[in-house]
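Examining the three-dimensional arrangement
Now for the letters of each chain:
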Amino acid sequence: MEAANRDVFFDFLKKHGLSVILVQIETDYSGETPVLKYREQLKALLEQATRQGVIVHALDGDPGFIYPPWPEKLAGQIRAISEFNATLSNNVRFAGVHYDIEPYALEAFKKDETRLDVCKAYLTALQTLARTARAQGLEFSVDIPFWFGSSERLKPFTAQGTGTLLEHVAHIVDWFGIMAYRNIASGEDGILAHSEEEINIMEELGKKAWIGVELGPNKGNNPPKITFWNRPPAECDREIKEVESQMAARKGYGGLLIHSYEHYREYLNKASETKP
C-alpha cells in the first residue's frame with residue numbers, strides 16, 4: 001500500500017471508528033525458513049497504525065492449511081512474523097495472527113464418511129498454530145461460522161463425548177470472529193441469535209468473540225440475507241447499533257468485524273451513487 005493509499009485507509013478507519021484491523025500477509029516459503037514479503041510496506045503500515053492507535057493482526061487462510069505440510073509451514077510463518085516484529089521499534093508490531101481457514105469448503109467435509117477426519121485435522125492444525133503463536137508472544141485467533149456448535153452435520157463429532165467443534169475451537173484460541181452473516185440484528189435468523197452460543201462459551205472461558213458482518217456483494221448461490229449490500233446504509237447502521245446495544249454489557253463480546261475494507265468502501269460508494 002502506497003503512502004497516499006495508506007492515508008486514505010487510516011482516514012477511513014478514523015471516520016468510521018475502526019480500531020482493530022486484520023491485514024492479509026504474503027509469505028515466501030522458498031528458502032530454509034519462511035520470510036514475510038513486502039516488509040517495507042508492512043513496516044510503514046504498522047508505524048502509521050501505532051501512531052493512530054490501531055491494533056493490527058496478520059491475516060492468512062485457506063481450507064488446505066489443515067493438512068501437512070501446512071501446519072508446520074504456518075508455524076514458520078508465525079515465527080517469521082515474530083522475527084519481523086523484533087526488527088521494529090517501540091510498540092510497532094503485529095499484535096497477533098488470525099487464520100480464516102474454513103475447512104468446511106473442503107470436499108472431504110461435505111461427505112459424511114470423511115467429515116470427522118477433517119474436523120480432527122482442523123483442530124490439530126489450530127493447536128499447532130496456537131502453541132507457536134503463544135511461544136512468540138502473539139495472540140491467536142480464527143474465523144468460524146455460527147453453526148460450529150449446532151450443525152446436524154457435526155453430530156458425529158459431538159457424539160464422541162468430548163464437546164462440540166465450537167467448544168474445542170473456543171478452548172484453543174485467544175479469540176474468534178463469528179461469521180454471523182445476516183442483514184438483520186434480531187429474530188431467530190438474525191445476527192444476535194446466531195452469535196449467542198459463541199458469546200456464552202467465550203464468557204465462560206474469560207475470552208472474547210467478535211461478531212462479523214458482511215457488506216460485500218452476494219456471490220454464487222448465497223441468499224441475499226447474508227449481506228447488507230442491497231440494504232441502504234441507514235438500515236445497516238440501525239441493525240449494527242442494535243447489535244452493539246444488545247451486546248454492550250456482555251463480557252464475551254469483543255466488537256464488530258466488518259468484511260472488509262474494500263467491501264465497506266464499495267458499499268458506501270454504491271449507496272452514494274444511487275441517491276436521488
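Residues numbered from 1 in each chain as written. Predicted model: local features only at pLDDT ≥ 70, side-chain atom pairs only at ≥ 80, totals over all residues. Heavy atoms only, no water.

**Thoughts on the pairing of strand E6 (residues 139-145)**
The line we're drawing: Residue exposure (1.4 Å probe, protein chains only): buried if accessible area is under 20% of the type maximum, exposed if over 50%, otherwise partly exposed. We count a stretch as a helix when DSSP gives it H or I for four or more residues in a row; a strand needs E for two or more, and each element gets its number in order from the N terminus. Being paired, for any two strands, means DSSP has found at least two bridges between them.
With six of seven residues buried, E6 is to be regarded as a mostly interior element. With four bridges joining them, strand E5 (residues 96-99) and E6 adopt parallel strand pairing. Following the sheet pairing, valine 97 is matched in E6 by phenylalanine 140.

**Quick word on the sheet that holds strand E8 (residues 208-214)**
For the record, the criterion: Geometry is summarised by axes, namely lines fitted to C-alpha atoms with helices restricted to the contacting stretch, and by angles between N-to-C directions that run from 0 to 180 degrees. The contact criterion used is simple: two residues touch if any of their non-hydrogen atoms lie within 4.5 Å.
One open sheet holds the seven strands; their spatial order is E1-E4-E5-E6-E7-E8-E9, and the pairing between them is parallel. The open sheet has two edge strands with one neighbour each: strand E1 (20-24) and strand E9 (253-259). Each strand axis lies, on average, 30 degrees off the axis of its neighbour in the sheet, ignoring direction. Against the sheet, helix H6 (residues 165-172) contacts E6 and strand E7 (175-179), and its axis sits at roughly 160 degrees relative to E6.

**Notes on the environment of threonine 50**
With respect to the helices, strands and loops of the structure, threonine 50 is situated in helix H2 (residues 39-51). We classify threonine 50 as partly exposed; its relative accessible area is 33%. For the pair threonine 50 and histidine 263, spaced 213 residues apart in sequence, the C-alpha separation works out to 24 Å. Not counting residues within four places of it along the chain, the set of residues in contact with threonine 50 comprises Asn91, Val92 and Arg93.

**Things to note about the side chain of threonine 227**
The cut-off we apply is this: Any pair of N or O atoms that falls within 3.5 Å is considered a polar contact. Within protein, one atom must be able to donate a hydrogen and the other to accept it, and sequence-neighbouring residues count only if both atoms are side-chain atoms.
Locating threonine 227 in the fold gives a position in the loop between E8 and helix H8 (233-247). Under the relative-accessibility criterion, threonine 227 is labelled buried at 2%. Within the structure, threonine 227 has its side chain in polar contact with the backbone oxygen of glutamate 214 (distance 3.3 Å). Excluding anything up to four places from it in sequence, threonine 227 contacts Asn183, Glu214, Leu215, Gly216 and Asn218.

**Here's the deal with H8**
At 3.6 residues per turn, the α-helix brings residues three or four places apart onto the same side. Applicable threshold: Here a helix's expected span is defined as the number of its residues, less one, multiplied by 1.5 Å. It is the directions from the helix axis to the C-beta atoms that the arc portrays.
The end-to-end C-alpha distance of H8, which contains 15 residues, comes to 21 Å, matching closely the 21 Å that a straight helix rising 1.5 Å per residue would cover. Burial in H8 covers these residues: Cys236, Glu239, Ile240, Val243 and Met247. The arc enclosing the buried residues of H8, seen along the axis, measures out at 95 degrees, which places them on a common side. Along H8, exposed side chains directed more than 90 degrees from the buried face belong to Ala234, Lys241 and Ser245. Check the buried side of H8 and you find it contacts helix H7 (191-205), E8, E9 and helix H9 (261-273).

**Some points on unusual backbone geometry**
In this model, proline 68 is joined to proline 69 through a cis peptide bond whose omega is 10 degrees. For proline 69, the location among the structural elements is in the loop between strand E4 (55-60) and helix H3 (70-86). Note that the residue after histidine 259, namely serine 260, is joined by a cis bond; omega there is 0 degrees. Looking at where serine 260 falls in the secondary structure, it is placed in the loop between E9 and H9. You will see that glutamate 102, though not glycine, has its phi angle at about 50 degrees, which is positive. Within the secondary structure, glutamate 102 sits in the loop between E5 and helix H4 (112-135). Assessed through its relative accessible area of 23%, glutamate 102 is described here as partly exposed.

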